[in-house]
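# Structural overview
One letter stands for each residue in the lines below.
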Amino acid sequence: MRHINSLTNPVIKSLRALHDRKRRKAAGLFLAEGMRIVTEAFELGWVAQHLVFLEGREDDAMVRRLIKQAEADGTDIIMVSDAVLAKISRKDNPQMVLASFSERWADPENVFSAQLSTNLAGTNLAGTNPAGCWLALDRVRDPGNLGTILRTADAAQAEGVVLIGECCDAYSVEAVRASMGAVFNVPVVAMTEAEFIAHAMDYQGQIIGTALPASVDYRSPDWQGPMILLMGNEQAGLTDNLMNCANQLIKMPMLGRSDSLNLAVATGIALYEYRRHQPEA
Ligand code: SAM
């Protein structure tokens, strides 16, 4: 364990730089803030590159537990002043713990191969449910929406989240925060629209798209998996190409004057409708 109180220390500067997407991608690392989220990551077996905590808190039971785990993992453990913590987290009232982790991106094969392995005793090669539901998000732009969707995907036990095209970063501080730690438990895959469409051609499950122009009510379709639930961009909705990929397009009725639901809310409604049709629901 080391003690750093200099705001210009290179490690502190490199951790602060993880707020910036380009610097995150260059380092392959991201930041998670707060006792609850960092504890969740550790419990799920993620190994932190750095564990940073507020000086004077080293005897708190929860901090001690994190330090013990970090020592066992060979993590760089850093005790810092309030000012340094505020500098890294870019907040006046920072959390007392934060950590950096390596990004993990799941293999696109996991999304499209579920059906191919249904005979492997109910699980496919990635250990996912062959009758499961992946969420695919077309150009999601708002990290708060993405984090909320990751949290919802975790709660409703979706297989994972596919980011299609130019999306915001699942590993931004805002998305990680909004996911409440679900980003550590939900596989995330990134691909271009062309890649998604190419894979979709051979996909043996069904693809259900959600779109305002749809005429089918969201309660009507056959919700049997394996499936991919396609959600559109906050401003533009799904592209025509992605709508054409879908076996069915569904809509949630808009009964008032608003013309659409918030993306994360629409995802929650559709995903729980899928869940309601599963045998264990
Ligand atoms: N102006 C956009 C449009 O025309 O699609 C609104 C996009 S909406 C904010 C974001 C996404 O949430 C949509 O692309 C769709 O996937 C989903 N969504 C929102 N409200 C919906 C509804 N009532 N029925 C089906 N999907 C909905």
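What you are looking at is a predicted structure, and each value in this text was computed from that prediction instead of being measured.

The rules behind each value
- Residues numbered from 1 in each chain as written.
- Predicted model: local features only at pLDDT ≥ 70, side-chain atom pairs only at ≥ 80, totals over all residues.
- Heavy atoms only, no water.
- Near = heavy atom within 4 Å.
- Polar contact = N/O pair within 3.5 Å; in protein donor to acceptor, adjacent residues only side chain to side chain.
- Areas by Shrake-Rupley, 256 points an atom, 1.4 Å probe, with all protein chains shown as cover.
- Phe/Tyr/Trp six-rings, centres within 6.5 Å; stacked < 30°, edge-to-face > 60°.
- Helix = DSSP H or I, 4+ residues; strand = E, 2+ residues; numbered from the N terminus.
- Buried < 20%, exposed > 50% of the residue type's maximum accessible area, 1.4 Å probe, protein only.
- Lys NZ or Arg CZ within 6 Å of the ring centre and 35° of its normal.
- Axes fitted to C-alpha atoms, helices over the stretch in contact; angles between N-to-C directions.
- Parallel < 35°, antiparallel > 145°, perpendicular 65-115°, else oblique.
- Left-handed = near helix turned anticlockwise from the far one by under 90°.
- Contact = heavy atoms within 4.5 Å.
- Nonpolar A, V, L, I, M, F, W, Y, C, P; charged D, E, K, R; others polar.
- Pairing = 2+ DSSP bridges.
- Right-handed = clockwise from strand over helix to strand, strands pointing away.

## Section: the site of the ligand
As a structural note, the neighbourhood of the ligand is formed by 17 residues, with Thr210, Gly232, Gln235, Met252 and Leu261 the closest of them. Contact between the ligand and Gln235: a nitrogen atom at 3.0 Å from a main-chain N or O atom of the residue. Met252 is positioned with one of its backbone polar atoms (N or O) 2.8 Å from a nitrogen atom of the ligand. Starting from 560 Å² of accessible surface for the ligand in isolation, the protein chains cover 86%.

## Remarks on the packing of aromatic side chains
A full pass over the atoms with the stated rule returns 11 aromatic pairs. Both rings, one in Trp46 and one in Phe101, keep their centres 6.2 Å apart while their planes meet at 85 degrees; by these two values the pair is edge-to-face. Placement of the pair is Trp46 in the loop between α3 (35-43) and β3 (48-54) and Phe101 in strand β5 (residues 97-102), with a sequence separation of 55 residues. Judged by its relative accessible area of 0%, Phe101 falls in the buried class. Of the aromatic side chains, those joined through ring pairs into one cluster are Phe30, Phe42, Trp46, Phe101, Trp105, Tyr171 and Phe184. Above the plane of the ring of Trp46 lies Arg104, whose end atom (NZ or CZ) is 3.8 Å from the centre.

## A look at the packing of helix α7 (residues 143-155) against helix α11 (residues 263-276)
Close contact between α7 and α11 brings their axes to 9 Å; oriented N to C, the two are set at 15 degrees. By the angle between their directions, the pair α7 and α11 is classed as roughly parallel. Taken as a pair, α7 and α11 cross one another with a handedness that is right-handed. Between α7 and α11, the contacting residues are Asn145, Thr148, Ile149, Thr152, Ala153 and Ala155 on the first element and Leu263, Ala264, Thr267, Gly268, Leu271 and Tyr272 on the second. For the contact of α7 with α11, the class distribution of residues is seven nonpolar, five polar and no charged.

## So, the pairing of strand β7 (residues 160-164)
Buried residues dominate β7, accounting for five of its five residues. Of the two faces of β7, the one carrying Gly160, Val162 and Ile164 and the one carrying Val161 and Leu163 are both buried. Bridge analysis of strand β6 (residues 133-138) against β7 gives five bridges, and the strand direction is parallel. Its bridge partner lying in β7, Ala136 is registered against Val162. Following the backbone out of β6, through α7 and into the adjacent parallel β7, one traces a crossover that is right-handed. Bridge count between β7 and strand β8 (residues 188-191): four bridges; the pairing is parallel. Bridging from a neighbouring strand, Leu163 pairs with Ala190 of β8.

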